[in-house]
Amino acid sequence: MKIVNTSIMKKDAMALVTGKPVYTDDIAPKDCLVIKLLRSPHAHALIEEINTDIAKKVPGIHSIFTYKDVPNKRFTMAGQTYPEPSPYDRLILDQRVRYVGDVVAIVAGENEKVVEKAMKLIKVKYQVLEAILDFRKAKDNKILIHPEDNWKALCPVGADNKRNLCAHANDGDENIDKVFEECDVVLQNTYHTKANQQTPMETFRAYATMDMFGRLNVVSSTQIPFHVRRIVANALDISKSKVRVIKPRIGGGFGAKQTAIMEVYPAFVTYMTGRNSKLIFTREESQTASSPRHEMEVTIKIGATKDGIIKAIDLYTLSNTGAYGEHGPTTVGLSGHKAIPLYSKAKSYRFRYDVVYTNTMSAGAYRGYGATQGIFAMESIIDELAEKLGINPITLREKNMVREGDLMPAYYRETANSCALDRCLERAKAMIDWDNKYPRRDMGNGKVRGVGLGFSMQGSSISNVDVGSVAIKVSDDGFYNLMVGATDMGTGCDTVLSQIAAECLDCSVDNIIVHGVDTDTSPYDSGSYASSTTYLTGMAVVKTCEKLITKIKTLGAQYLNVDVEKVDFDGKKVFDLEDNKEISLKDIANKAMCNNNNTLYASESHSSKVSPPPYMVGIAEVEVDTETGKVDVINYKAVVDCGTVVNPALARVQTEGGIAQGIGMALYEDVVYTNKGSLQTHSFMQYKIPTRKDVGTIEVQFESSYEPTGPFGVKSIGEVVINTSSPAIANAVYNAVGVRIRELPITPEKVFMGMLEKK
Amino acid sequence: MEIKLWINGKLTEDNIEPDTPLLEYVRSKGCLSVKRGCETSNCGLCTLWIDEKPVLSCTVLAARANGKHITTLEGLQEEAKEFGEFMAKEGADQCGYCNPGFIMNVLAMVRELKEFSDEDIKEYLVGNLCRCTGYMGQFRAVKAFLNYKRGGER
């Protein structure tokens with residue numbers, strides 16, 4: 001390989017580092033109506049009266065819309081392949097508001113000031129209803145969050161709106177209790193992970209225009225342009241052919257932009273008024289009315305022999321989807337399906353879950369997507385089991401961990417065809433100098449350092465669902481246009497896919513021109529989520545190149561006047577294997593533009609029957625201040641098996657970023673509501689993400705494996721990298737000061753109180 | 001109200017609303033590199049210079065810039081490219097949304113500090129948040145850039 005596995009710069013790097021206007025708000029037309037959303041101050045209420053007459057008289061106000069003005073047809077904002085497993089429980093505007101921040105009215109005017117003035121003049125009379133804020137009380141509560149008759153679940157996910165249930169399932173071995181009886185040691189604990197905000201630096205934003213064909217054009221900072229097209233059409237109850245979605249550069253996603261949080265509002269305003277419109281969420285709106293990680297409570301029961309062979313794992317997850325069900329039925333699955341298989345040698349497993357509605361903001365997709373929550377629980381209880389058995393946590397893992405060739409019953413019975421988890425562990429252990437540092441070192445100044453580890457796995461795309469597609473055409477002088485349907489969120493997929501194409505076509509990356517997503521012209525791609533782009537869309541690139549090379553050879557042979565079987569293509573020319581005849585790609589490309597019936601264009605899709613997991617080992621070294629309980633991450637060492645690495649620099653940075661986000665989740669980040677359901681952590685003042693002084697030193701290495709179903713042996717990397725931070729840090733804190741924290745974040749208060757209790 | 005200032009060396013006279021934030025004012029003048037990540041002076045994305053000193057323009061009134069020289073990344077294109085290449089080599093440019101504010105602060109740091117340790121670098125840049133990179137790649141880029149500026153290799 002010449003180009004795959006090299007750290008070339010991203011194709012858009014120079015635009016990004018010189019501050020070029022490439023993002024949604026930079027390119028929005030100047031004459032857009034400015035949109036703002038009037039939001040509910042109540043967690044649960046019915047709108048009895050809403051008067052917009054006075055507000056509409058504010059000079060510069062163009063339109064105000066309420067629930068009376070929108071289609072009464074429910075949809076979901078979840079960015080998922082149709083038919084979405086997420087329930088159709090949304091209206092653009094509803095008479096019932098279900099969380100503090102739910103939208104009550106859409107106000108559009110000539111500028112921000114007039115819109116803000118008008119918002120204050122809208123008179124709303126609410127019938128305030130009792131709210132459910134505690135997700136443990138939601139199931140079968142007499143208060144119903146979605147009592148409406150046109151609520152609809154498209155897929156059989158165990159949803160029942162008359163029970164506040166967004167999803168429910170039982171899976172695995174019904175006779176597991178018998179296996180527990182045979183175990184020498186049985187341990188059960190409950191772990192609680194809170195909602196977290198993805199906080200991409202660019203807040204949610206979109207603008208809409210009407211084009212000359214009378215079609216609605218939506219330009220959005222989104223990970224899921226093709227799903228946005230469907231969601232907008234569903235919301236407005238118009239034909240999908242009337243909607244076009246374009247994705248410019250986007251300022252980070254992390255799953256936040258896998259939900260169409262706000263595109264329907266500018267789409268609706270422009271559809272109703274014919275005017276250009278735009279909506280830019282403030283940071284406060286992005287914190288209060290978006291799609292944070294699902295809060296989950298994971299209870300694990302684990303049974304083992306006294307020499308440390310794990311025989312049974314029983315896992316129950318309670319997940320809080322909030323006011324709406326976006327990604328509720330699907331995130332929860334990963335809490336079991338991507339935690340249990342790490343210890344696939346257990347002969348029995350069971351996985352059950354409930355996903356409930358509450359009157360908090362709707363949860364959604366966030367990097368790790370449920371696996372993060374389940375793995376925190378699993379990797380914590382493994383350490384607790386090790387302690388109970390008196391075995392080193394690494395030894396216990398070595399006895400039970402999944403290895404290459406193993407069947408993973410809890411992972412849809414897939415086999416681990418490529419798995420270097422054992423080598424990752426070996427290497428990470430050496431990187432941190434585990435044997436000399438475990439479990440703790442008293443630094444002598446009131447500070448104690450401890451080490452702890454965590455395993456992680458994820459998938460690579462959603463098996464039998466996701467589709468990645470690309471198209472490549474040969475243009476003048478033989479350069480290639482690569483059209484991708486997958487969204488580059490900054491992680492560099494436009495470049496990575498170009499690298500794969502250049503490798504296949506035997507040319508330089510500079511000879512590949514890449515174009516991001518426009519639903520009118522790009523081939524369909526389900527979107528950039530579920531760690532699918534490099535694995536899945538990358539395979540579509542390989543297939544497309546193969547087809548294109550056949551076409552180039554066919555045309556070249558025709559121009560050389562020889563049989564196609566007798567020629568080959570080396571990236572620069574088609575040549576006769578026997579004679580010295582040859583024709584350059586440049587000449588083929590230019591000749592093909594006159595009197596030719598064989599377009600030098602190919603487009604292929606790819607979907608996978610399996611979702612091969614990448615694996616990772618993360619080891620944290622933390623320092624606990626015994627006087628305050630404050631935890632500092634000093635070192636974080638990680639080794640990742642993502643198959644073949646296409647661009648080491650980009651993969652490394654993505655891993656470091658995932659670990660840092662995980663550190664935030666472990667130590668600080670918490671979405672906190674008042675007892676009335678309004679959000680306290682509504683700005684970066686209160687919601688603290690890590691700064692560069694909070695992450696210690698992160699060091700990343702790769703341990704390669706070869707995934708037979710991926711392009712050049714590739715698996716994914718996007719999500720697996722966030723999952724080890726929380727358990728590794730929790731385990732390190734325990735090893736340092738003997739305090740077991742089972743509820744994130746690991747605040748100084750919790751650690752300090754734990755230390756007091758121990759005394 | 002009337003204001004008179006220089007944006008990237010160009011004299012600008014305007015009649016503005018008194019409550020206009022500097023961030024919005026410079027964006028309205030085409031300096032679209034200046035981004036807003038929060039409204040509370042927490043993220044550093046809106047960093048620009050007033051008389052060569054970095055400030056957070058989301059919470060500074062445009063009126064405060066009256067009579068002063070404003071610099072944004074549009075006015076430092078060559079330097080942005082020079083440092084940006086180090087970021088791009090590390091893959092630390094990522095989504096790019098925080099890059100302008102971060103680079104404005106890095107370039108200010110290079111002008112302001114004479115000698116500095118790793119801790120000094122982190123301290124100077126601590127107000128520039130980034131959610132993509134985990135900061136390690138940015139740090140490697142800054143270190144490599146400083147080394148190059150002192151006569152080391154690119």
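Everything numeric here is computed off the predicted structure, so don't read it as measured data.

Conventions used here
Along each chain, the written sequence defines residue order, and numbers are assigned to residues from 1. Written order decides the labels, with chains lettered from A and ligands numbered from 1. Under the rules for a predicted model, residues below a pLDDT of 70 receive no local features and side-chain atom pairs below 80 are neither given nor counted, while totals for whole chains, interfaces and linings still include all residues. Based on all heavy atoms of the structure, the side-chain values leave hydrogens and waters out of the count. Contacts: residue pairs with any heavy atoms within 4.5 Å of one another. Buried area is understood as the total, over both parts, of accessible area removed when two parts are fitted together, assessed with a 1.4 Å probe. The term salt bridge refers to a side-chain nitrogen of Lys or Arg lying within 4 Å of a carboxyl oxygen of Asp or Glu. Polar contact is defined as a pair of N or O atoms within 3.5 Å, subject to the rule that within protein one atom must be able to donate a hydrogen and the other to accept it, and that residues adjacent in sequence are counted only when both atoms are side-chain atoms. Going along the chain from the N terminus, every DSSP run of H or I of four or more residues is numbered as a helix, and every run of E of two or more is numbered as a strand. Here the nonpolar group is Ala, Val, Leu, Ile, Met, Phe, Trp, Tyr, Cys and Pro; Asp, Glu, Lys and Arg are the charged ones; every other residue, Gly included, is treated as polar. pLDDT measures how confident the predictor is about each residue, on a scale from 0 to 100. Only when DSSP finds a minimum of two bridges between them are two strands counted as paired. Ring geometry is summarised as follows: Phe, Tyr and Trp rings, the Trp one being its six-membered ring, pair when their centres sit within 6.5 Å, and such pairs are stacked at plane angles under 30 degrees, edge-to-face over 60 and tilted between the two. Among buried residues, those of type Ala, Val, Leu, Ile, Met, Phe, Trp, Tyr and Cys that are joined through side-chain atoms within 4.5 Å constitute a nonpolar core. Here's how the labels work: a residue is buried when its accessible area is under 20% of the maximum for its type, exposed when over 50%, partly exposed in between, all with a 1.4 Å probe on protein chains only. In this description, a line fitted to the C-alpha atoms serves as the axis of each element, helices being fitted only across the stretch in contact, and the angle between N-to-C directions of two axes falls anywhere from 0 to 180 degrees. Working rule for handedness: look at the near helix, and if it is turned counterclockwise from the far one by less than a right angle, call the crossing left-handed; if clockwise, right-handed. An angle below 35 degrees is treated as roughly parallel, one above 145 as roughly antiparallel, one from 65 to 115 as roughly perpendicular, and anything else as oblique. In this analysis a 1.4 Å probe is tested at points of a 1 Å grid over the protein atoms alone, and where it fits but cannot get out there is a cavity; an open set with protein on both sides within 12 Å along at least five of seven lines is a pocket; lining residues have an atom within 4 Å of a point. Grid points are joined across faces, edges and corners, and a volume is the space filled by probe spheres set on the points.

Turning to the interface of chain B and chain A, a few remarks are in order. Between chain B and chain A, the residue contacts involve 54 residues of the former and 55 residues of the latter. It is Gln-94, Tyr-97 and Arg-131 of chain B in chain B that bury the most area against chain A; as a group they hold 20% of the surface buried on that side. Our count for the contact surface shared by chain B and chain A stands at 9 salt bridges. At the boundary of chain B with chain A, the tally comes to 27 residue pairs in polar contact (both at pLDDT 80 or more). Residue assignment for the side of chain B that touches chain A shows that the elements contributing at least two residues are helix 1 (22-28), helix 2 (77-90), helix 3 (99-112), helix 4 (118-125) and helix 5 (136-149) of chain B. With 9 residues, the top contributor of residues to the side of chain B that touches chain A is helix 2 of chain B. In terms of residue class, the side of chain B that touches chain A is built from 21 nonpolar, 15 polar and 18 charged.

Here chain B shows a mean pLDDT of 96. Residues at 70 or above account for 99%. Scored by ipTM, the complex comes to 0.98, with pTM at 0.98.

Right, let's talk about the pairing of strand 2 (residues 45-51) of chain A for a bit. Residue and element names in this part refer to chain A. Pairing between strand 2 and strand 4 (residues 96-97): 2 bridges, direction antiparallel. Within strand 4, the residue paired with Leu-46 across the bridge is Arg-96. Where strand 2 and strand 6 (residues 123-128) come together, 6 bridges link them in antiparallel fashion. Pairing of Glu-49 across the sheet is with Lys-125, part of strand 6.

Turning to the packing of aromatic side chains, a few remarks are in order. All names here are of chain B. By the definition in use, this model includes 13 aromatic pairs over all chains. With centroids separated by 5.4 Å and ring planes inclined at 40°, the aromatic side chains of Phe-86 and Tyr-148 adopt a geometry described as tilted. Here the residue Phe-86 occupies a position in helix 2, and Tyr-148 occupies one in helix 5, the gap between them amounting to 62 residues. Through pairs of rings, three or more aromatic residues link up here, namely Phe-83, Phe-86, Phe-102, Phe-145 and Tyr-148.

Bringing the nonpolar core into the picture now. Soluble globular proteins: nonpolar side chains tend toward being buried together. Residue and element names in this part refer to chain A. Ranked by size, the top nonpolar core spans 141 residues in total, and within it Met-378, Ile-729 and Ile-746 carry the most contacts. Those residues within four positions of Ile-746 in sequence are excluded, and the remaining contacts are Val-631, Ala-666, Leu-667, Ser-726, Ile-729, Ala-730, Val-733, Ile-741 and Val-751. With 58 residues, the next largest nonpolar core counts Ile-61, Val-115, Val-264 and Val-269 among its residues.

Residue and element names in this part refer to chain A. Put simply, helix 14 (residues 493-505) and helix 15 (residues 533-560) touch, their axes get as near as 9 Å, and they point 35° apart. Helix-helix and strand crossings are classified by hand; for helix 14 and helix 15 the assignment is right-handed. Contacts between helix 14 and helix 15 involve Cys-493, Val-496, Leu-497, Ile-500, Ala-501, Cys-504 and Leu-505 from the first element and Thr-533, Thr-534, Thr-537, Gly-538, Val-541, Val-542, Cys-545, Leu-548 and Ile-549 from the second. Broken down by class, the residue content of the contact of helix 14 with helix 15 amounts to 12 nonpolar, 4 polar and no charged.

A few words now on unusual backbone geometry. Residue and element names in this part refer to chain A. With an omega dihedral of -5°, the bond running from Tyr-82 to Pro-83 counts as a cis peptide bond. The residue Pro-83 is located in the loop between strand 3 (61-65) and strand 4 in this model. Residue Pro-745 follows Leu-744 across a cis peptide bond; omega there is -10°. Secondary-structure assignment places Pro-745 in the loop between helix 18 (725-737) and helix 19 (748-758). Positive phi is not limited to glycine here, since Asp-433 has a value of about 65°.

All names here are of chain A. Axis separation between helix 10 (residues 371-389) and helix 11 (residues 393-400) bottoms out at 9 Å; the angle between their running directions is 110°. For the element pair helix 10 / helix 11, the angle class is roughly perpendicular. Touching Glu-379, Ile-382, Asp-383, Leu-385, Ala-386 and Leu-389 of helix 10 are Pro-393, Leu-396 and Arg-397, all from helix 11. Along the lines of polarity and charge, the residues of the contact of helix 10 with helix 11 split into 6 nonpolar, no polar and 3 charged.

With that settled, consider the environment of Tyr-601 of chain A. Residues and elements named next belong to chain A. Position of Tyr-601 relative to the elements: it lies in strand 26 (residues 601-606). Taking the C-alpha atoms as reference, Tyr-601 lies 9.8 Å from Ile-549; in sequence the two are 52 residues apart. Setting aside its immediate chain neighbours within four residues, Tyr-601 contacts Ala-471, Ile-472, Lys-473, Met-483, Leu-548 and Lys-551.

We now examine the pattern of salt bridges. Applying the stated criterion across every chain yields a total of 72 salt bridges over all chains. For Lys-35 of chain B, the salt bridge goes to Asp-26 of chain A, with nearest N and O atoms at 2.9 Å. Here Lys-35 of chain B is found in the loop between helix 1 and strand 3 (47-50), whereas its partner Asp-26 of chain A is found in helix 2 (residues 24-27) on a different chain. Arg-111 of chain B is the partner of Glu-79 of chain B in a salt bridge, and the nearest nitrogen-oxygen pair spans 2.9 Å. With Glu-79 of chain B in helix 2 and Arg-111 of chain B in helix 3, this residue pair connects regions lying 32 residues apart in the sequence.

All names here are of chain A. Scanning all chains against the criterion turns up 3 cavities of 30 Å³ or more. Taken as a whole, the largest cavity encloses approximately 110 Å³ of empty space. Met-77, Arg-90, Tyr-99, Ile-261 and Ala-289 are the residues nearest the centre of the largest cavity, which is lined by 16 residues in total. Tallied by class, residues from the lining of the largest cavity come to 8 nonpolar, 4 polar and 4 charged. Roughly 60 Å³ of volume is contained in the second largest cavity. Taken together, the residues that form the lining of the second largest cavity break down as 6 nonpolar, no polar and 4 charged.

What follows is about the sheet that holds strand 20 (residues 468-474) of chain A. In sheet architecture, strand pairing relies on hydrogen bonds along the backbone and comes in two forms, parallel and antiparallel. Residues and elements named next belong to chain A. Ordered in space as 22-21-20-26, the 4 strands form an open sheet in which the pairing is mixed. A single partner strand is all that each edge strand has here, and the edge strands are strand 22 (512-515) and strand 26. Across this sheet, the average inter-strand angle for adjacent strands is 20°, counted without regard to direction. Pairing geometry for strand 21 (residues 480-484) and strand 22, over 4 bridges, is parallel. Within strand 22, the position partnered with Met-483 by the bridge is His-515. Contacts from helix 14 reach strand 20, strand 21 and strand 22, with the element oriented near 145° to strand 22. The sheet contacts of helix 15 involve strand 20, strand 21 and strand 26, and relative to strand 26 the element is tilted by about 150°.

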